[in-house]
Amino acid sequence: MRRSQALVLLSIIAQNGIVTARLPRGVGPEFVKFYEIKDTFTCIGHPSITIPATRVNDNSCDCPDGTDEPGTAACALLDNLSPEQPLPSSLSGTTNTTNALPGFWCANKGHIGAYVPFMYVNDGVCDYDLCCDGSEEYGNVGGVKCENKCAEIGKEWKRVEKERRDNLERANKRRRTMVKESREFRRRVEAKIATLTEEIKELEVKRDELKAKYDEVERQERFKVVKNEGPGKLGVLAGLAKTRVNELRDNLSKVMSERHQLRTKVQELESILSAFKDEYNPNFNDEGVKKAVRAWEDYAARLATETLEPLNEVEIQDSMKEDSEESGINWKEFEEDEATDTDILYSFEAYLPGPVREFLHSRINLLRIWLIENGILADTHSERSESRLVKAAREAYETVANDVNSKNRALEEQQRDLEKDYGTDDIFRYLKGKCITTEAGEYEYELCWMDKTSQKSKKGGGKTTMGNFDRFDFDESDEEERHDGKGLGRGKRMVLRYENGQGCWNGPNRKTDVWLACAETEELWRVSELEKCVYKMEVGTPAVCEEVVEPGHAKDEL
């Protein structure tokens, strides 16, 4: 009988290149070499122990590691080396152990072979999630007979696997698009940096030229007598008057604005009280209401008899216009032409020939400058006065200097952005600034890529910052695969650390770990609070997808 049962389980282990004519029940492909047809069997983990081949699968533990019972549950409790399922990284994809059996091997022809823990063998339960061929219940314990369902399970698995592959391929396709876009964004930043660098160089040259010109003009002009709005009494008076007029104009503008606002409010209140008077119930015996109605009637009667002198809006608007040659005061009439001391002291040079006059004028002016700079002649320059020429030179210089500073700040910002870590292939540069949300319980949660995480109560109120982006990290996930694909699964996963959020009541600052898994689109799947003020977000995105790989034999792929 045992011989006939063993013959039923004969299999061809192609991946090991081994063809066997007879193999004990429950032997997996990576252990075939230990069970070749012999008269004796050597315990795998204890090669010093040898037993007759007839004692293999005799439902009695003879080897300390239980390797003489690959097809029974006899050593299920003794074999503490048998690991939990599933275990990757072996030829079968389910175990990485070599010194003890990982379990009872189900060939699952038409599907994917897998190991079943020994305690599941002949326990009267069909473990179709691991052993779709039902071979682990060969003893028909309790009358249980497990049919071979590998065909239908394998078909469904292939459908799900195909759907998974298709989804993964679409996700990878979108990731390639994102990488392309991210490279273009990076190229734009690099181009912006190059452009700003060239513009700054040109502006710095222009700034230096204007600074030199401004210094020279200021040096020349500071030794001239400036009469408009200068030390002269008329200039001072004109300057004070102009300042005062501008202040009064600004105040008038504010008063008119407040007047319009108050008029609107009065009209609104009058309409409310009028409607109240018309709609209230006079039979309602409320003295307060009746008193309010009588007061409104008195107010309305006075308003009807009052005669208010209307304001001339046109004249007021004209008064608020800026002074110019066409309206208001023409301040230019109070300005005087500039004259130098040499013009006043040596007016006779006007009668000299042109070349001689210019020569004498320049020499006398330079002599006066030298005398003032050396303290021999008093400097009558006033800090309160500035000629139009000096003002124009100063404003031209300051405009370019401010432009240089602004572009330098923009350049520093672009350089910081270029040096910032955006992950592999700069992929998160594409997602920067985008946000995704989900609702959980009484809150709406939001993740903004490379920025912050937040929560907001559905009952209203502002957002609470749960963390600000700090760095990229990696961590191990150990979760069962979800049928909808919206889960982290097992393996190393990228984690975005969001730190230093708003402080909790009597607690630390909030922080969020954003775990990422491959998905076709950006989607915030779940949010949980692992401990006080420490949150976990599970997020799908094509940014962390990799190329399609061949599936192994692990349970989590079924």
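Residue positions are given per chain, counting from 1 as you read along its sequence in written order. A pLDDT threshold of at least 70 governs which residues receive local features in this predicted model, and a stricter bar of 80 or more applies before side-chain atom pairs are shown or counted, although totals over entire chains, interfaces and linings include all residues. Side-chain descriptors were evaluated using all non-hydrogen atoms of the structure, hydrogens and water having been removed beforehand.

On to the pairing of strand β9 (residues 452-457), then. Taken together, the six bridges between strand β8 (residues 443-448) and β9 define a ladder with antiparallel strand orientation. Bridge pairing in β9 links Cys448 to Lys452. Here β8 hands over to β9 after three residues, with Met450 in that stretch at a positive phi of 60°. Only when DSSP finds a minimum of two bridges between them are two strands counted as paired. Helix numbering and strand numbering both begin at the N terminus, where a helix is a DSSP run of H or I of at least 4 residues and a strand a DSSP run of E of at least 2. Alignment of β9 against strand β10 (residues 464-478), held across four bridges, turns out to be antiparallel. Residue pairing for β10: Ser454 is matched across the bridge by Thr465. Joining the antiparallel neighbours β9 and β10 is a turn of six residues, in which Gly460 adopts a positive phi near 115°.

Attention now goes to the side chain of Glu30. Among the structural elements, Glu30 can be located in the loop between β2 (18-19) and β3 (40-42). Using a 1.4 Å probe on the protein chains alone, a residue whose accessible area is under 20% of its type maximum counts as buried, one over 50% counts as exposed, and one in between counts as partly exposed. His residues and chain termini do not enter the charge count, which takes Lys and Arg as positive and Asp and Glu as negative. Salt-bridge detection follows one rule: a side-chain nitrogen of Lys or Arg within 4 Å of a carboxyl oxygen of Asp or Glu. No salt bridge forms around the buried Glu30; measuring N to O, its nearest opposite-charge neighbour Lys33 is 10 Å away. Here a polar contact is taken to be a pair of N or O atoms separated by no more than 3.5 Å, where protein atoms must pair a possible hydrogen donor with a possible acceptor and residues adjacent in sequence count only if both atoms sit in side chains. A polar contact is formed between the side chain of Glu30 and the side chain of Tyr115, at a distance of 3.0 Å.

As a further point, take the pattern of salt bridges. Tallied over the full model, the rule gives 33 salt bridges. Of the charged contacts in the structure, one is a salt bridge between Arg159 and Glu156, with a shortest N-O distance of 2.6 Å. Taken as a pair, Arg159 and Glu156 lie in helix α2 (residues 150-221) at a separation of three residues, close to a single helical turn. For Arg159, a relative accessible area of 44% translates into the label partly exposed. Under the relative-accessibility criterion, Glu156 is labelled partly exposed at 39%. For Glu184, the salt bridge identified is with Arg187, shortest N-O distance 2.7 Å. Placement of the pair is Glu184 and Arg187 together in helix α2, with a separation of three residues, close to one helical turn. The exposure class of Glu184 is partly exposed, given its relative accessible area of 26%. The exposure class of Arg187 is partly exposed, given its relative accessible area of 43%. Taken together, the shared-partner salt bridges in this structure form one network comprising Arg186, Glu190, Asp417, Asp426, Arg429 and Lys432.

Here we take up the confidence of the model for the protein chain. On average, residues of the protein chain score 78 in pLDDT, and 74% of them reach the 70 mark or higher. Per-residue confidence from the prediction method is given by pLDDT, with values spanning 0 to 100. The contact criterion used throughout is that any non-hydrogen atoms of two residues lie within 4.5 Å. Between residues 1-21, whose pLDDT stays under 50, and residues either more than four places distant or in other chains, the model counts 29 contacts. Counting contacts from residues 79-99, a segment whose pLDDT is below 50, to residues more than four positions away or on other chains yields 57 contacts.

In space, the eight strands of this open sheet follow the order β7-β8-β9-β10-β11-β12-β14-β13, with mixed pairing throughout. Among the strands making up the open sheet, the edge pair consists of β7 (435-440) and β13 (523-531). Recorded for the sheet is a direction-independent mean angle of 30° between the axes of neighbouring strands. Two elements, β13 and strand β14 (residues 534-541), share seven bridges in a ladder whose sense is antiparallel. When the sheet's bridge partners are listed, Glu529 is paired in β14 with Tyr535. A fitted line through C-alpha atoms represents every axis, and for helices the fit uses only the stretch in contact; the resulting angles, taken between N-to-C directions, go from 0 to 180 degrees.

Okay, the nonpolar core next. Proteins that are soluble and globular tend to have nonpolar side chains buried together. Among the nonpolar cores identified, the biggest contains 27 residues, and Phe428, Trp449, Leu496, Leu516, Met537 and Val539 are the most heavily contacted of them. When residues of this core are traced back to their parent elements, those giving at least two are α2, α9 (428-431), β8, β10, β11 (490-499), β12 (511-518), β13 and β14. When near neighbours in sequence (up to four residues on either side) are disregarded, Leu516 contacts Phe428, Trp449, Leu488, Arg493, Met494, Leu496, Val539, Thr541 and Val544. In this structure, Cys43, Ile44, Val56 and Val116 belong to the second largest nonpolar core, which totals 22 residues. For our purposes a nonpolar core is just a set of buried Ala, Val, Leu, Ile, Met, Phe, Trp, Tyr and Cys residues, chained together by side-chain atoms within 4.5 Å.

Turning our eyes to something else, we now look at the state of the cysteines. Note on terminology: pairs of cysteine sulfur atoms within 2.5 Å are recorded as disulfides. Applying the stated criterion to the full structure yields eight disulfides. The partner cysteine of Cys126 in its disulfide is Cys146, sulfur to sulfur 2.0 Å. Sign of the S-S torsion, about -95° for the bond between Cys126 and Cys146, identifies this disulfide as left-handed. With Cys126 in the loop between β6 (114-116) and α2 and Cys146 in the loop between β6 and α2, this residue pair connects regions lying 20 residues apart in the sequence. Here Cys504 is linked by a disulfide to Cys533, with a sulfur-sulfur distance of 1.6 Å. The chirality of the disulfide connecting Cys504 with Cys533 is left-handed, given an S-S dihedral of about -140°. Placement of the pair is Cys504 in the loop between β11 and β12 and Cys533 in the loop between β13 and β14, with a sequence separation of 29 residues.

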